[in-house]
2 protein chains.
Amino acid sequence: MKISELSRTTGVPVASIKYFRRQGLLPAGRATAATLAEYGEEHVQRLRLIKALTTLGGLSIAATRDVLAAVDRSDSADSTLKAISYALPVPVAQAPAGDEEREAEAEAAAAADVAELIAAMDWRVPSTSPHVHGLTTALRELRRLDADYRLDRLAVYAELAKAVARLDLERAAAFDDSPALAEQAVVVLALSGPLLELLRRLAQEDQVRRRSPEEDPDAG
Amino acid sequence: MKISELSRTTGVPVASIKYFRRQGLLPAGRATAATLAEYGEEHVQRLRLIKALTTLGGLSIAATRDVLAAVDRSDSADSTLKAISYALPVPVAQAPAGDEEREAEAEAAAAADVAELIAAMDWRVPSTSPHVHGLTTALRELRRLDADYRLDRLAVYAELAKAVARLDLERAAAFDDSPALAEQAVVVLALSGPLLELLRRLAQEDQVRRRSPEEDPDAG
């Protein structure tokens, strides 16, 4: 198919398709003339994946490139999963530094909490993991906010997170090693976060409404 | 304290403090001269909250303003929780439209799935809820990706999401109606999403590593 049809089929504008080509996210079409290329089903599939990762998954172009590279060079489902796990962006912005002494104190306390939690959960992750760093930053900020987080409560969240991660991995690992199936594994790992967040927000809305049930639910 | 000290205490640059003032997020200090103002502990607390919402919570300035307005006018803990629940951003970007017929079909199927899930969970949310819309969009995109999501699996995630939401609400509702405590409730509701996501990613990393345990965990 021509680029115009590829655009219609996937809902991705021609300009975006050309941009993804230039950024190395999408392989070239088969050249049929100096300025024409023929695209196939693999381009449709790849474009859908790019769109899912960038819009639903919220990945940057650079992170998307890393994930796709992991999919393309995957020699086993496990190595793909591992690469994807690190290529996905970690959802905590590094906050600007405040008073240095308090900062160091809050950082040390947060790091100790994270280490204690990881030990309690028996999670085998290196101290250099971006996820360890992200969680430490988040807890440090909560400490600076004087927000009441307690490690035993955090452990309850951690158990729930573990249950979700196990479900995700079971689904992702059920796919075998062909590229199309590796792509499905990417979708599971990258999109279960946004999906879970939406479900949590729905459940939260339900529970908030039950606490103040004065309104007709369909009038809101 | 002067603005420079407020900046040092909170780690927020003076230019950002002035920006938050102009955007109406931070109340004015007590004027002590034509160009000088005196700030107090309430400004420190508010700035920390603004920082947490914008950096950790990922809220836009507009969403932060909505949440703070809800905190300030809160007449009860429940009304604050409700306002916050809607002011927080919904984490799904609206994807560009593709082929119209397939689009409408995928949208209708996704909407039916969401309705079935909400009924199964007995969640009392209006069909106009931004969270219902967000989840419908996410499922529609998964359908267009031919990603294998099954409603019974989604229900398992929904149960976990419900457990998290219940924990959040218990914590948030434990605070009483004073503004400082309403702020804590905001922190719980806005930041439990990022926290849960980080814990899920840590659990995922652990499980991926256990599947391919060839490396020393601290060498990565």
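Our subject is the structure that appears above.
Since we're looking at a predicted model, the values are computed, not measured.

Student: Before we go on, may I ask you to explain the overall build of chain A in this structure?
Tutor: Each helix and strand in chain A was counted, giving 9 helices and 2 strands. Reading chain A from its N terminus to its C terminus gives the helix and strand order α-α-β-β-α-α-α-α-α-α-α. Relative to its 220 residues, chain A shows a buried fraction of 53%. The contacts in chain A between residues at least 6 apart in sequence include a share of 62% that link residues at least 24 apart. Accessible area of chain A: about 9,600 Å², with a carbon and sulfur share of 53%.

Student: Quick question: what am I supposed to make of the side chain of S129(A) here?
Tutor: Residue and element names in this part refer to chain A. Within the secondary structure, S129 sits in the loop between α6 (100-121) and α7 (130-144). Looking at S129, the relative accessible area reads 1%, which means it is buried. A polar contact of 3.0 Å, which involves the side chain of S129, links it to the backbone nitrogen of H131.

Student: Just to check I follow, could you spell out the relation of the copies chain A and chain B for this structure?
Tutor: Mapping between the two copies of the chain is achieved by a rotation about an axis and a shift along the axis. Rotating chain A by 180° about the axis while translating it 0.0 Å along that axis superimposes it on chain B, leaving an RMSD of 0.0 Å. Each copy turns onto its partner about a two-fold axis. Residue L160(A), judged by its C-alpha, is the member of chain A lying nearest the rotation axis, at 3.2 Å. When the interface residues of chain A are mapped onto chain B, 100% of them again lie at the interface, so the same face is used by both copies.

Student: Explain the environment of V12(A) to me, please; I cannot follow it from the model alone.
Tutor: Along the chain, the position of V12(A) falls in the loop between α1 (3-10) and α2 (14-22). Each C-alpha atom of the pair V12(A) and R48(A) lies 8.5 Å from the other, and the pair is 36 residues apart in sequence.

Student: Help me out: how do you make sense of the interface of chain A and chain B in this one?
Tutor: Reports of interface size often rely on the accessible area that becomes lost once the parts have come together. With 98 residues of chain A at the interface, the matching set in chain B holds 98 residues. The contact between chain A and chain B buries some 9,500 Å² in all, and 63% of this surface belongs to carbon and sulfur atoms. The tally of links between chain A and chain B comes to 4 salt bridges. For R210(A), the salt bridge goes to D122(B), with nearest N and O atoms at 3.5 Å. Taken together, the connections running from chain A to chain B amount to 20 residue pairs in polar contact (both at pLDDT 80 or more).

Student: Which parts of the structure should I look at to understand the nonpolar core?
Tutor: Side chains that are nonpolar tend, in soluble globular proteins, to be buried together. If you look at the biggest cluster of nonpolar residues, it comprises 125 residues, and the most contacted ones within it are L135(A), L139(A), L135(B) and L139(B). L139(B) has contacts with L195(A), A110(B), D113(B), V114(B), Y149(B) and L154(B), leaving out every residue within four places of it along the chain.

Student: What am I meant to see in helix α1 (residues 3-10) of chain B here?
Tutor: The α-helix winds at 3.6 residues per turn, so residues separated by three or four positions along the chain end up facing the same way. Listed as buried for α1(B) are L6(B), S7(B) and T10(B). Looking straight down α1(B), one finds that the buried residues subtend no more than 100° of arc, so they occupy a single side.

Student: Would you take a moment to explain the packing of helix α3 (residues 41-56) of chain A against helix α4 (residues 61-73) of chain A for this structure?
Tutor: What describes two packed helices is the angle between their axes and the distance between those same axes. All names here are of chain A. Running from N to C, α3 and α4 cross one another at 135°; their axes reach a closest spacing of 10 Å. With respect to their mutual orientation, α3 and α4 come out oblique. In terms of crossing hand, the pair formed by α3 and α4 is right-handed. Packed against α3, whose contacting residues are R46, L49, I50, L53 and T54, the element α4 presents I61, T64, V67, L68, V71 and D72 at the interface. For the contact of α3 with α4, the class distribution of residues is 7 nonpolar, 2 polar and 2 charged.

Student: Can you walk me through the environment of A172(B) in this structure?
Tutor: Position of A172(B) among the secondary structure elements: in helix α8 (residues 151-173). Note: C-alpha distance between A172(B) and V187(B) (15 residues apart in sequence) is 8.5 Å.

Student: Honestly, the pattern of salt bridges in this entry has me stumped. Any pointers?
Tutor: A side chain with one charge may pair with a side chain of the opposite charge, provided their charged atoms come close. Residues and elements named next belong to chain B. A complete count under the given rule lists 14 salt bridges over all chains for this structure. Of the charged contacts in the structure, one is a salt bridge between R140 and E107, with a shortest N-O distance of 2.8 Å. On the criterion of sequence distance, the pair formed by R140 in helix α7 (residues 130-144) and E107 in helix α6 (residues 100-121) is long-range, its members being 33 residues apart. Taking the relative accessible area as the measure of exposure, R140 reaches 3% and is therefore buried.

Student: Before we go on, may I ask you to explain the side chain of E205(B) in this structure?
Tutor: Position of E205(B) relative to the elements: it lies in helix α9 (residues 179-211). Residue E205(B) is classed as buried on the basis of its relative accessible area of 1%. Within the structure, the side chain of E205(B) is placed 2.6 Å from the side chain of H131(A), a separation counted as a polar contact. Apart from residues no more than four positions distant in its own chain, E205(B) is found in contact with S85(A), Y86(A), V125(A), P126(A), S129(A) and H131(A).

Student: Explain the pairing of strand β1 (residues 30-33) of chain A to me, please; I cannot follow it from the model alone.
Tutor: The side chains of a regular strand alternate between both faces of the sheet. Residues and elements named next belong to chain A. Two elements, β1 and strand β2 (residues 36-38), share 3 bridges in a ladder whose sense is antiparallel. Note on β2: the bridge partner recorded for A33 is L36. Hairpin connection from β1 to β2: 2 residues lie between these consecutive antiparallel strands.

Conventions used here
Residues numbered from 1 in each chain as written. Chains lettered and ligands numbered in written order. Predicted model: local features only at pLDDT ≥ 70, side-chain atom pairs only at ≥ 80, totals over all residues. Heavy atoms only, no water. Helix = DSSP H or I, 4+ residues; strand = E, 2+ residues; numbered from the N terminus. Buried < 20%, exposed > 50% of the residue type's maximum accessible area, 1.4 Å probe, protein only. Contact = heavy atoms within 4.5 Å. Areas by Shrake-Rupley, 256 points an atom, 1.4 Å probe, with all protein chains shown as cover. Polar contact = N/O pair within 3.5 Å; in protein donor to acceptor, adjacent residues only side chain to side chain. Least-squares fit on C-alpha atoms with pLDDT ≥ 70 in both. Buried area = accessible area lost by both parts, 1.4 Å probe. Salt bridge = Lys/Arg side-chain N within 4 Å of Asp/Glu carboxyl O. Core = buried A, V, L, I, M, F, W, Y, C linked by side-chain atoms within 4.5 Å. Arc of directions from axis to C-beta. Axes fitted to C-alpha atoms, helices over the stretch in contact; angles between N-to-C directions. Parallel < 35°, antiparallel > 145°, perpendicular 65-115°, else oblique. Left-handed = near helix turned anticlockwise from the far one by under 90°. Nonpolar A, V, L, I, M, F, W, Y, C, P; charged D, E, K, R; others polar. Pairing = 2+ DSSP bridges.

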